[in-house]
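Chain residues, written in single-letter form:
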Amino acid sequence: MLRTAARSVGLAARAMPKRSFTHSAIARNALPSSLHTFTDEELMLKDAVSRFAQDVVKPRVLQMDETEHMDKAVIQGLFDQGLMGVETEAEYDGANCSFTSAIIVIEELAKIDPSVSVMCDVQNTLVGTLVRKYANDDIKKRILPKLATQSVGSFCLSESGAGSDAFALQTRAVEKDDHYVLNGSKMWITNSGEADIFLVFANVDPSKGYKGITCFVVEKEMGVQIAKKESKLGIRASSTCVLNFDDIKVPKENILGEIGKGYKYAIEILNEGRIGIAAQMLGLAQGAYDIALPYLFQRKQFNTNIGDFQGMQHQYGQIAMEIEAARLLTYNAARLKEEGRSFIKEAAMAKLYASQVAEKAASRAIEWCGGVGFTRELGVEKFYRDAKIGAIYEGTSNIQLQTIAKLVSAEYK
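Residues numbered from 1 in each chain as written. Predicted model: local features only at pLDDT ≥ 70, side-chain atom pairs only at ≥ 80, totals over all residues. Heavy atoms only, no water.

1. Some details on the overall build of the protein
Heads up, the rule is: Numbering of helices and strands runs from the N terminus; a helix is a DSSP stretch of H or I covering at least four residues, while a strand is a stretch of E covering at least two. In this setup the radius of gyration rests on C-alpha atoms only. A globule is expected at 2.2 Å times the number of residues raised to 0.38. In short, Shrake-Rupley with a 1.4 Å probe defines the accessible areas, and a residue's cover is counted only from the protein chains shown.
Secondary structure assignment for the protein yields 12 helices and 10 strands. What you see for the protein is a C-alpha radius of gyration of 21 Å, in line with the 22 Å of a compact globule of 413 residues. Looking at the protein as shown, the accessible area adds up to about 17,400 Å², and 51% of this sits on carbon and sulfur atoms.

2. Looking at the pattern of salt bridges
Here the idea is simple: oppositely charged side chains can pair when their charged atoms come close. We count it as follows: Within this document, salt bridges are pairs made up of a side-chain nitrogen of Lys or Arg and a carboxyl oxygen of Asp or Glu, the two lying within 4 Å of each other. Burial here depends on accessible area, computed with a 1.4 Å probe over protein chains only, as a share of the maximum for the residue type. Under 20% is buried, over 50% is exposed, and the range in between is partly exposed.
In total, this model carries 32 salt bridges according to the counting rule given. Arg 327 serves as the salt-bridge partner of Glu 107, at 2.9 Å between the closest nitrogen and oxygen. Within this pair, whereas Glu 107 is found in helix H5 (residues 99-110), its partner Arg 327 is found in helix H9 (residues 310-338), the two being separated by 220 residues in sequence. For Glu 107, a relative accessible area of 2% puts it in the buried group. The buried category is assigned to Arg 327, whose relative accessible area is 13%. One salt-bridge network, held together by shared partners, links Asp 65, Glu 66, Glu 68, Arg 236, Arg 376, Glu 381 and Arg 385.

3. As for the packing of aromatic side chains
Short version of the rule: Put simply, two rings from Phe, Tyr or Trp (the six-membered ring, in Trp's case) pair if the centres are within 6.5 Å, and we call them stacked under 30 degrees between planes, edge-to-face over 60, tilted for the rest.
Inspection of the entire model under this criterion finds nine aromatic pairs. On the basis of an interplanar angle of 75 degrees and a centroid distance of 6.0 Å, the ring pair of Tyr 289 and Trp 368 is categorised as edge-to-face. Taken together, the residues span a long stretch of sequence, with Tyr 289 in helix H8 (residues 262-296) and Trp 368 in helix H10 (residues 344-374) at a distance of 79 residues. Tyr 289 sits in the buried class, given a relative accessible area of 12%. Given the relative accessible area of 4%, Trp 368 is considered buried. Between Tyr 316 and Trp 368, the ring centres sit 6.4 Å apart and the planes meet at 85 degrees, which makes this aromatic pair edge-to-face. A residue pair is termed long-range when its members are at least 10 positions apart, and Tyr 316 in helix H9 and Trp 368 in helix H10 qualify at 52 residues. Of the aromatic side chains, those joined through ring pairs into one cluster are Tyr 289, Phe 297, Tyr 316 and Trp 368.

4. Things to note about the confidence of the model for the protein
Basically, it comes down to this: A residue's pLDDT is the confidence the predictor assigns to it, expressed on a 0 to 100 scale. Two residues form a contact once any of their heavy atoms are found within 4.5 Å.
Averaged over the protein, the pLDDT score is 92; the fraction of residues at 70 or greater is 92%. The low-confidence segment residues 4-28 (pLDDT under 50) makes 55 contacts with residues lying over four places distant or belonging to another chain.

5. Here we look at the environment of Glu 367
Relative to the helices and strands, Glu 367 resides in helix H10. Note on Glu 367: relative accessible area 48%, which makes it partly exposed. Along the primary structure Glu 367 and Ala 292 are separated by 75 residues, whereas in three dimensions their C-alpha atoms are 9.2 Å apart.

6. Looking at the pairing of strand E1 (residues 153-156)
Just so we agree on the cut-off: Strand pairing is assigned whenever DSSP identifies at least 2 bridges connecting the two strands.
The two faces of E1 match: Gly 153 and Phe 155 on one face and Ser 154 and Cys 156 on the other face are all buried. Judged from the four bridges that link them, E1 and strand E4 (residues 197-203) form a sheet pairing that is parallel. Looking at the pairing, Cys 156 lines up with Val 200 of E4.

7. Points about the packing of helix H4 (residues 72-80) against helix H6 (residues 114-134)
Worth spelling out the cut-off: Note on method: axes are straight lines fitted to C-alpha atoms, helices fitted across the in-contact stretch only, with angles between N-to-C directions ranging 0 to 180 degrees. Reported orientations rely on four angle classes, namely roughly parallel under 35 degrees, roughly antiparallel over 145, roughly perpendicular from 65 to 115, and oblique for the rest. Definitions for this section: a left-handed crossing has its near helix turned counterclockwise from the far helix by less than a right angle. A right-handed crossing has that turn clockwise. In this classification, Asp, Glu, Lys and Arg are treated as charged, Ala, Val, Leu, Ile, Met, Phe, Trp, Tyr, Cys and Pro as nonpolar, and every other residue, Gly included, as polar.
Two elements in contact, H4 and H6, have axes separated by 11 Å at closest approach and are oriented at 45 degrees. The pairing of H4 with H6 is recorded here as oblique in orientation. As H4 packs across H6, the resulting crossing turns out to be right-handed. For the pair H4 and H6, the contacting residues are Val 74, Ile 75, Leu 78 and Phe 79 in the first and Val 116, Met 119 and Gln 123 in the second. Within the contact of H4 with H6, the residues separate by chemical class into six nonpolar, one polar and no charged.

8. Points about the pairing of strand E2 (residues 172-176)
Relative to strand E3 (residues 179-190), E2 runs antiparallel, the two sharing five bridges. What sits directly across from Ala 173, in E3, is Leu 182. Connecting E2 to the antiparallel partner E3 that follows it, the hairpin turn spans two residues, and Asp 177 within it adopts a positive phi of roughly 55 degrees.

9. Here we look at the packing of H10 against helix H12 (residues 397-410)
Following both chains from N to C, one finds H10 and H12 inclined at 145 degrees, their axes separated by 9 Å at the closest point. Judged by the sense of rotation from one axis to the other, the crossing of H10 with H12 is left-handed. Facing Ile 344, Lys 345, Ala 348, Met 349, Lys 351, Leu 352 and Ser 355 of H10, the residues of H12 in contact are Ser 397, Gln 400, Leu 401, Thr 403, Ile 404, Leu 407 and Val 408. In terms of residue class, the contact of H10 with H12 is built from eight nonpolar, four polar and two charged.

10. Describing unusual backbone geometry
Phi angles above zero are rare outside glycine, and Glu 68 is one such case at about 55 degrees. Mapped onto the fold, Glu 68 is located in the loop between helix H3 (61-67) and H4. If you check the backbone angles, Trp 188 has positive phi at about 60 degrees while not being a glycine. For Trp 188, the position within the fold is in strand E3.

Here's what the structure looks like:
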């Protein structure tokens, strides 16, 4: 779908011209344009991902949710269509597209299954971006082609005592000859059940506090152990596991970036990742809405479509407005990031608000559909279960509020 001419694959995007979309439509126009202005290539991508989600993902959603397992055909499809290396350069077998393109992919997948969406999100906005931005040429050559074509990656930061206070992590890496010995454990690690590549944050010198935190590229074959797979309320097909690292030898050449700069990398990447979660929650809200609204005009009570009652109109009109507001927040943050401008406050706002809208929209959708909405027949209840995680991962809602308040208050002091 997203490959350049040298590696063109799938769907309508096969005819996509070879180019790098590093600037937004807004930046290229003489006059400001709306936030709904996408390039022709981005619109093509949006349509192609939508059809992939409908044709490949949708038939498998119920079974994946029931079994708490991501279908291998879906994972392979994500790779085949170029969706696991959206921003990765063509020389590393990536699609060489824009950050906004990655956000479009995440939103479109979430309209059908937020579990698939978050796999793609973490692969692109966290793992792939971290390697592209901070790894040396050797690591890029070894790792990026794998991430783009065959290997799922995991971002391993959180621990039992290091959640919102991420830099309280206890995982240690001790230098020995030509390698480091890694010991510790990680919790709540997305994609870890399917991953072959793990970006692990460990402290090489606890006496320096967070300035000892360093990022290591660890491959599963080095001895990564999946200690426990969590059984969750929502996004059940997305694996979330506890990982153990027991005396794992990691070559020094697998240090990502500089020693002691891991804390800096994590903060910067998570700021970008929050736009991805905003897109996931936005797609989720739209997905629930798209299921419920047709039902309102199929179901009749008192010889009237229930969607024509004024009380219902007020409700779905309100949710439509809130989804649109979340969309504008999300794509504004994406464009700001893409243009190299400050986006931290806007990313926090987008992530916070989109997660709130997702919960509200999914809840309302169940109510609108009545009894059948409470069953698994329509699929709306899954969106409701999936929505809750938006207030928790990649920075809780309170952390987002704290970030927003800190940046806003600085403008007035």
